[in-house]
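Residue-level structural notes
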Amino acid sequence: MSALTGLLSNIQMYSTKDGPGIRTTAFFTGCNLRCLWCSNPEAMYPGRKIMYYASRCHRCGACVAHGADGSVIFGDEGCIIDREKCTNLFEMPDICYYDAYEEKGMEMTVLQLYGKLVRDRAFYENSGGGVTFSGGECLLQREFLYEVMKLLKQDHIHMALDTAGLWDFEAVYPALELADLILYDIKAWDRKVHKQCTGTDNQIILDNAKKLADMGKEMIVRMVIVPGLNDGRADIERRLEFVKSLGSCVRQVDILRYHKLGLGKYKALGLPYPLEEVPECPEEAAKDAVRLAGRMGLKATVGG
Ligand code: SF4
Ligand code: SF4
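In this numbering scheme, every chain counts its residues from 1 along its sequence in written order. Note on labels: chains are lettered from A, ligands numbered from 1, in written order. Predicted model: local features are reported for residues with pLDDT of at least 70 only, side-chain atom pairs are reported and counted for 80 or more only, and whole-chain, interface and lining totals are derived from all residues. Where side-chain values are given, they derive from all heavy atoms of the structure, hydrogens and water being excluded.

Residue burial is assigned from relative accessible area. The probe radius is 1.4 Å, only protein chains are included, and a residue is buried under 20% of its type maximum, exposed over 50%, and partly exposed in between. A run of H or I in DSSP counts as a helix once it spans at least four residues, and a run of E counts as a strand once it spans at least two, with each numbered from the N terminus. Among the residues of helix α8 (residues 191-198), Val193, His194, Cys197 and Thr198 are the ones counted as buried. Angularly, the buried residues of α8 cover 105° about the axis, an arc narrow enough to put them on a single face. Opposite the buried face of α8, by more than 90 degrees, sit the exposed residues Lys192 and Gln196. Turning to α8, the residues buried within the fold contact α9 (203-215). We call two N or O atoms a polar contact when they sit within 3.5 Å, provided that within protein one can donate a hydrogen and the other can accept it, with sequence-adjacent residues counted only if both atoms are side-chain atoms. Of the residues that open α8, the one with a side-chain oxygen 2.9 Å from the backbone nitrogen of lysine 192 is aspartate 190. Each C-beta atom gives one direction from the helix axis, and the arc is the one those directions make. Whether two residues are in contact is decided by their heavy atoms: any pair within 4.5 Å suffices.

This is the structure:
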């Protein structure tokens, strides 16, 4: 059996938002995009991390006493951690009785992950669900992912890949071939806007979408709308026209409203939230995009 290991940030059971039916979603750690609106910063950045939730702190003082070199002090709301100075930060989940510290990032073998994912097989079968690999960008750990997918394929479990599409097509082809469904993001049409919002150009992403369509791979395309960033009418229209050009392999377009649900996670990681000043996407803007998609003959919904 493979000695490969993968790094995951979370495994979400009973998910109904990451593809059809009841699913288990495995969130892989590490991403090659840096979307300003990313709501999973713990999965976007590679490696293990410690999240700190001040709301759970009972001010017992244990972590303050334990923090290396005075790196943890009391603040008005919970503790203030100097993450550079705190060389023993990863010991804190064991030190705090109140679970204010949480470690994110678990290394798993192929069999360990397979064992977790196969557990809810009966739910998948009864609901038309399955397993979704998400992230971060799950295809960055393509060899590990492929080994897990091979085992699930033998069990005839439906598999979806949730991906942002920035990868070498040939390199990830074996995993794409095993997938039953691709959840694919088109984040902006305008190259400059895309680069500004995600840190990268969109050419490879658009090319890979075409290649998936040529493969005949079933896709759900997701388009996030973020006020003032990628919500221009022309950009939304061009994105939808492109999706239309992919043909019948696109079974649906999900218009995703930008929300601030990830804000607490940035705080817990001690990171600044990039879109502090940007409002959430109004429902009407998403509905407009759905209507536009409908006029183009695309099936579209708000949400995912
Ligand atoms: S150990 Fe936990 S409860 Fe105690 S001060 Fe630190 S964060 Fe607060
Ligand atoms: S592609 Fe997804 S996981 Fe990666 S930065 Fe963007 S929103 Fe976050």
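On we go.
Bringing the nonpolar core into the picture now. Put simply, buried Ala, Val, Leu, Ile, Met, Phe, Trp, Tyr and Cys residues joined by side-chain atoms within 4.5 Å make one nonpolar core. Ranked by size, the top nonpolar core spans 80 residues in total, and within it Leu113, Phe133 and Leu161 carry the most contacts. With six residues, the single largest contributor to this core is helix α6 (residues 142-154). In this view, leucine 113 contacts Leu8, Ile11, Ala26, Phe28, Met108, Phe144 and Val148; residues no more than four positions away in its chain are not counted. Ile50, Val72, Cys86 and Ala100 belong to the second largest nonpolar core, which has 12 residues in total.

What follows concerns the packing of aromatic side chains. Aromatic pairing here means that ring centres of Phe, Tyr or Trp (its six-membered ring) are within 6.5 Å. Orientation follows from the plane angle: under 30 degrees is stacked, over 60 is edge-to-face, and everything else is tilted. Applying the stated rule across the entire model yields nine aromatic pairs. Between the aromatic rings of tryptophan 167 and tyrosine 184, the centroid separation amounts to 6.5 Å while the plane-to-plane angle is 85°, which identifies the pairing as edge-to-face. With a gap of 17 residues between them, tryptophan 167 in the loop between β9 (159-163) and α7 (169-178) and tyrosine 184 in strand β10 (residues 181-185) connect regions that are remote in the sequence. Accessibility assignment for this pair places tryptophan 167 and tyrosine 184 in one class, buried. Pairing tryptophan 189 with phenylalanine 242 gives two aromatic rings, centres 5.7 Å apart and planes at 50°, and the pair type is tilted. Of this pair, tryptophan 189 sits in the loop between β10 and α8 while phenylalanine 242 sits in helix α10 (residues 233-245), and the two are 53 residues apart along the sequence. Using a relative accessible area of 24% as the deciding quantity, one classes tryptophan 189 as partly exposed. A relative accessible area of 7% means that phenylalanine 242 is categorised as buried.

The next point concerns the site of ligand 1. Proximity criterion: a residue is near a molecule or strand once any of its heavy atoms comes within 4 Å of it. Inspection of the region around ligand 1 gives 14 residues, with Cys57, His58, Cys60, Cys63 and Cys96 positioned closest. Gly falls in the polar group here, along with every residue not listed as nonpolar (Ala, Val, Leu, Ile, Met, Phe, Trp, Tyr, Cys, Pro) or charged (Asp, Glu, Lys, Arg). Its residues assigned to classes, the shell around ligand 1 shows 11 nonpolar, two polar and one charged.

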